[in-house]
Amino acid sequence: MDKDFLLETETAQKLYHEYAAKMPILDYHCHINPQEIAEDRKFENITQVWLGGDHYKWRQMRSNGVEEKYITGDASDCEKFQKWAETLEKAIGNPLYHWSHLELQRYFGYYGALNGEAAEEVWNLCNAKLQEDGMSARNLIRQSNVTLVCTTDDPVDSLEWHEKIAEDESFEVRVLPAWRPDKAMNLEKTDYLEYLKKLEVVSGVKIDSFASLIEALRIRMDYFAEHGCSVSDHGLEYVMYAPASEEEIEAIFAKRLRGEAVSRADELQFKTAYMVALGREYHKKNWVMQLHYGVKRDNNGMIFGKLGPDAGIDCINNYAPSSEMADYLNALAITDELPKTILYSLNPTDNATIGTIIGCFQSEEARGKIQQGSAWWFNDNKQGMIEQMTSLANLGLLGNFIGMLTDSRSFLSYTRHEYFRRIMCNLIG
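Rules used throughout
- Residues numbered from 1 in each chain as written.
- Predicted model: local features only at pLDDT ≥ 70, side-chain atom pairs only at ≥ 80, totals over all residues.
- Heavy atoms only, no water.
- Helix = DSSP H or I, 4+ residues; strand = E, 2+ residues; numbered from the N terminus.
- Rg over C-alpha atoms; globule rule 2.2 N^0.38 Å.
- Buried < 20%, exposed > 50% of the residue type's maximum accessible area, 1.4 Å probe, protein only.
- Contact = heavy atoms within 4.5 Å.
- Areas by Shrake-Rupley, 256 points an atom, 1.4 Å probe, with all protein chains shown as cover.
- Lys, Arg positive; Asp, Glu negative; His and termini not counted.
- Charge placed at Lys NZ, Arg CZ, Asp CG, Glu CD.
- Phe/Tyr/Trp six-rings, centres within 6.5 Å; stacked < 30°, edge-to-face > 60°.
- Lys NZ or Arg CZ within 6 Å of the ring centre and 35° of its normal.
- Pairing = 2+ DSSP bridges.
- Axes fitted to C-alpha atoms, helices over the stretch in contact; angles between N-to-C directions.

**Notes on the overall build of the chain**
Next, step 1: Assigned secondary structure in the chain consists of 19 helices and nine strands.
Next, step 2: The C-alpha atoms of the chain give 22 Å as radius of gyration, which agrees with the globular expectation for 429 residues (22 Å, within 12%).
Next, step 3: The principal-axis extent of the C-alpha atoms belonging to the chain is close to 65 × 50 × 45 Å.
Next, step 4: With 429 residues in all, the chain has 53% of them scored as buried.
Next, step 5: Considering only contacts in the chain between residues 6 or more positions apart, those separated by 24 or more positions represent 76%.
Next, step 6: With the model as given, the accessible surface of the chain reaches about 18,900 Å², and the carbon-plus-sulfur share is 49%.
Next, step 7: Between the averaged position of the 45 positive side-chain charges in the chain and that of its 66 negative side-chain charges there is a distance of 1 Å.

Written out as structure tokens, the structure reads:
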């Protein structure tokens, strides 16, 4: 993993070193906690940075037979790091191997191989480095050449930490909220009515109808916009389209407000109406709409019961009818209310589907108005990126591709942009 890592031709090397490597990072989708930026958090040790909330690593440690106490349990941070190092040495072919070593090189100056034998040396080196002022949350962002961070925020969030960051003139990087309204859509969830009460409080709207739900969300969107938000994000099982009349949608919502169960058909019709209504609002505000789909979450009930969501127990879902996604986009386009949109599927077999659908809805509003998002999650590896970009190049305009995002909870993850850039330069080269 030297300076020409992944760069196999002279053209690839020239593209990367003379152009891509110097470009700033605009991280338009991540899961970093804005409070940690506001407080300029410093980390006590490498385990806090690497393993604290990283379900990618948790998943691989379980695959190595590591006991849960060393993953999410009460083992010491040093013991957890040792178990991760022992796992990493077996991770040939996994992007975590490349990411981890890029992070060790760029942030800690360590160019060796991390394995069980080297774990103590790397533990001591990293922890000493983390005590330096240059390794605080803000300085990690600065030294990564990041100019924009968009966090992921619920409509009921106060955005108080974004306000604190914006008021602090000593930090020059823009940190903006991104709108993630999944909880207001998922009426099948057991805690849905509790969530609506929170939404009522922050919006000042009594939610007693579907129309009032959308009004409450519209008020919160205005609040987010005041704080610089211009991008939304939706985590969907798939992009569905099951249209129904206004009266039918109000009847479904009224049933749920009464505490009654709704059918699967009811759920799909409600979610369709919800996504159409919000899509229209995004178009009015000139917001970008991100649709992430193709995932089945929380599959291991035992682990989910102990740890909750984002525990490393999700998988690809292979049900995503392209006809419904096309019909959903058309429902907005036919009235000229389709916002700028980015589509991501967790299933790599959807690459060509997305590539052909986006071509149906492009317009003069923007170059690449409808985008296929970067290779997401389980596709965020060398082969997955090559396949995503190759498909996009075959079916669309690679030159208008919006590019990479971090989608991470870690301040060290910016090397994923380097990884992406090297792979892209090599592909083009």
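**Details of the packing of aromatic side chains**
Next, step 1: This model, assessed by the stated rule, comprises 16 aromatic pairs.
Next, step 2: Centre to centre, the rings of Phe81 and Trp123 are 5.7 Å apart; their planes meet at 40°, and the pair counts as tilted. With Phe81 in helix 5 (residues 77-88) and Trp123 in helix 7 (residues 119-130), this residue pair connects regions lying 42 residues apart in the sequence.
Next, step 3: Where Trp376 meets Trp377, the ring centres are 5.5 Å apart and the plane angle is 55°; that geometry is what we call tilted. For the pair Trp376 and Trp377, one class covers both residues: buried.
Next, step 4: Among the aromatic residues, those joined into a ring-pair cluster are Trp179, Phe224, Tyr282 and Trp287.
Next, step 5: If you follow Lys83 out to its NZ or CZ, it ends over the ring of Tyr70, 4.9 Å from the centre.
Next, step 6: Sitting over the face of the ring of Trp161, Lys164 holds its NZ or CZ atom 5.0 Å from the ring centroid.

**Thoughts on the sheet that holds strand 1 (residues 25-27)**
Next, step 1: A sheet is described by the order of its strands in space; here three strands give the open sequence 1-2-3, paired in parallel fashion. The sheet terminates laterally at strand 1 and strand 3 (174-176), the two strands that pair on one side only. Geometrically, the sheet is characterised by an average inter-axis angle of 10° between neighbouring strands, direction not taken into account.
Next, step 2: In this structure, strand 1 lies alongside strand 2 (residues 146-150), joined through three bridges in parallel fashion. Each bridged residue has a counterpart across the sheet, and for Leu26 the counterpart in strand 2 is Leu148.

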